[in-house]
Amino acid sequence: MSSVPVIETRGLGKVYSPGTQAEVVALRDVDLRIGHGEFVAIMGPSGSGKSTLMNLLGALDTPSSGEYLCDGVDVASLDPEELAVLRREKIGFVFQGFHLLPRMSALDNVAMPLGYARVPPEEREEMALEALQAVGLGDRYSHRPNELSGGQQQRVAIARALINRPPILLADEPTGALDSKTGAEILALFERLRDEGHTVVLITHDADVAAHADRIFIMHDGELHEQDRTEAGQ
């Protein structure tokens, strides 16, 4: 296992509308180190800053202060093209709302990111089918999203996030739209992906969901603190 953290932030801060009456301090001096193959939950209520932090970790937004190193690379040093490559090769995104294209089959939804990576069509199809098989949906490849259950749609979304074999999976409330049994199946899938070497960062407001992670961080008013498992009674 690499000694370089796959995610490292130093004094990360984010201020929206600085210097105006509408100024909002969304993140304050966030220090975070996550190693390869860890399953981490970031928990907090709505408005605590956890989605802002996820956007920064996903290189979808830039911090107002501090540093973010992704797999040892200072993200601030990258130009827009290099940032796009980083997002494509290093980070897979999983959202609560699935974000699947309704007119496309599960296979085509999963294969879509490979088009941006200029992978030949035949190879794309083969890789997408492998990714669907890895999440237990190999027999549903031709189905459109409206022909799949919520849990199956989330599995398609996870397969799409895994298609470029990124080391990092960022999951924003991935069980929020699912019933508890299906949610548990998705969390078990994340645990398996962690065991296979992926780093999983899960954003949630649900303590029961967070309990599946190896480490839990609590976000409150833009500040991040690691939860002590013994104090939490776990």
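Model, not experiment: these values are computed from the prediction.

(A) Structural detail: the packing of aromatic side chains. Counting across every chain of the model gives two aromatic pairs. Where F39 meets F190, the ring centres are 6.4 Å apart and the plane angle is 55°; that geometry is what we call tilted. Placement of the pair is F39 in strand β3 (residues 39-43) and F190 in helix α6 (residues 180-195), with a sequence separation of 151 residues. Pair check on accessibility: F39 and F190 agree, each one buried.

(B) View of the packing of helix α3 (residues 106-116) against helix α5 (residues 150-162). With their axes 7 Å apart at the nearest point, α3 and α5 run at an angle of 30° to one another. Between α3 and α5, the angle falls in the class roughly parallel. At the point where α3 passes α5, the crossing takes the right-handed sense. Side by side, α3 and α5 meet where A106, N109, V110, M112 and P113 of the first sit next to V156, A159 and R160 of the second.

(C) A look at the environment of I34. Within the element layout of this structure, I34 appears in strand β2 (residues 24-34). With relative accessibility at 0%, the residue I34 sits in the buried group. Aside from chain neighbours lying at most four places away, what touches I34 is P5, V6, I7, V40, T199, V201 and R215.

(D) Representation of the sheet that holds strand β7 (residues 168-172) in the model. Read from one edge of the open sheet, six strands run β6-β7-β8-β3-β9-β10, paired in mixed fashion. The outermost strands of the open sheet, each flanked by one partner alone, are β6 (91-95) and β10 (223-226). Neighbour-to-neighbour, the strand axes of the sheet open up by a mean angle of 20°, direction not taken into account. In the packing of helix α1 (residues 50-57) onto the sheet, contacts are made with β3, β6, β7, β8 (199-204), β9 (215-220) and β10, and the angle to β7 comes to roughly 155°. In the packing of α5 onto the sheet, the strands contacted are β6 and β7, and the crossing angle to β6 comes to about 165°.

(E) Structural context of α6. Helix length check: α6 (16 residues) gives 23 Å between terminal C-alpha atoms against 22 Å at 1.5 Å per residue, within 8%. Within the sequence span of α6, burial applies to T182, G183, I186, L187, L189, F190, L193 and R194. An end-on view of α6 places all buried positions within 150° of arc, on one side of the element. In this structure, α6 carries S180, K181 and D195 as exposed residues pointing more than 90 degrees from its buried face. The inward-facing, buried residues of α6 contact β3, α4 (121-134), α5, β7, β8 and α7 (207-210). By the N-cap criterion, in which a side-chain oxygen at the helix start approaches the backbone nitrogen of a residue two or three places on, α6 is capped by D179, the distance to K181 being 3.1 Å. The first or second residue beyond α6 is G197, which carries a positive phi of 110°.

(F) Main features of unusual backbone geometry. In this model, D29 sits at a positive phi of 45°, which is unusual for a non-glycine residue. Positionally, D29 belongs in strand β2. The backbone phi angle of D221 is positive, close to 50°, even though this residue is not glycine. Residue placement: D221 occurs in the loop between β9 and β10.

(G) Geometry of the nonpolar core. Among the nonpolar cores identified, the biggest contains 40 residues, and V110, L132, V156, I158, L169 and F190 are the most heavily contacted of them. Of all elements in the fold, only β3, α3, α4, α5, β7, α6, β8 and α7 reach the threshold of two or more residues within this core. Looking at this core element by element, the count peaks at six residues for α5. Ignoring sequence-local partners within four residues, the contact set of I158 consists of V94, V135, I186, L189, F190 and L193.

(H) Fine view of the pattern of salt bridges. According to the stated counting rule, one finds 14 salt bridges in the structure shown. Where E8 meets R33, a salt bridge forms, and the shortest distance between an N and an O atom there is 3.0 Å. Of this pair, E8 sits in strand β1 (residues 7-16) while R33 sits in strand β2, and the two are 25 residues apart along the sequence. The buried category is assigned to E8, whose relative accessible area is 11%. According to the relative accessible area criterion, R33 is partly exposed, its value standing at 49%. Among the salt bridges present, the one from E196 reaches R192, with a minimum N-O distance of 3.2 Å. What makes R192 partly exposed here is its relative accessible area of 35%. Residues joined in a network through salt bridges with shared partners are E8, R10, R33 and E67.

Conventions we followed
Residues numbered from 1 in each chain as written. Predicted model: local features only at pLDDT ≥ 70, side-chain atom pairs only at ≥ 80, totals over all residues. Heavy atoms only, no water. Phe/Tyr/Trp six-rings, centres within 6.5 Å; stacked < 30°, edge-to-face > 60°. Helix = DSSP H or I, 4+ residues; strand = E, 2+ residues; numbered from the N terminus. Buried < 20%, exposed > 50% of the residue type's maximum accessible area, 1.4 Å probe, protein only. Axes fitted to C-alpha atoms, helices over the stretch in contact; angles between N-to-C directions. Parallel < 35°, antiparallel > 145°, perpendicular 65-115°, else oblique. Left-handed = near helix turned anticlockwise from the far one by under 90°. Contact = heavy atoms within 4.5 Å. Pairing = 2+ DSSP bridges. Expected span 1.5 Å × (residues − 1). Arc of directions from axis to C-beta. Polar contact = N/O pair within 3.5 Å; in protein donor to acceptor, adjacent residues only side chain to side chain. Core = buried A, V, L, I, M, F, W, Y, C linked by side-chain atoms within 4.5 Å. Salt bridge = Lys/Arg side-chain N within 4 Å of Asp/Glu carboxyl O.

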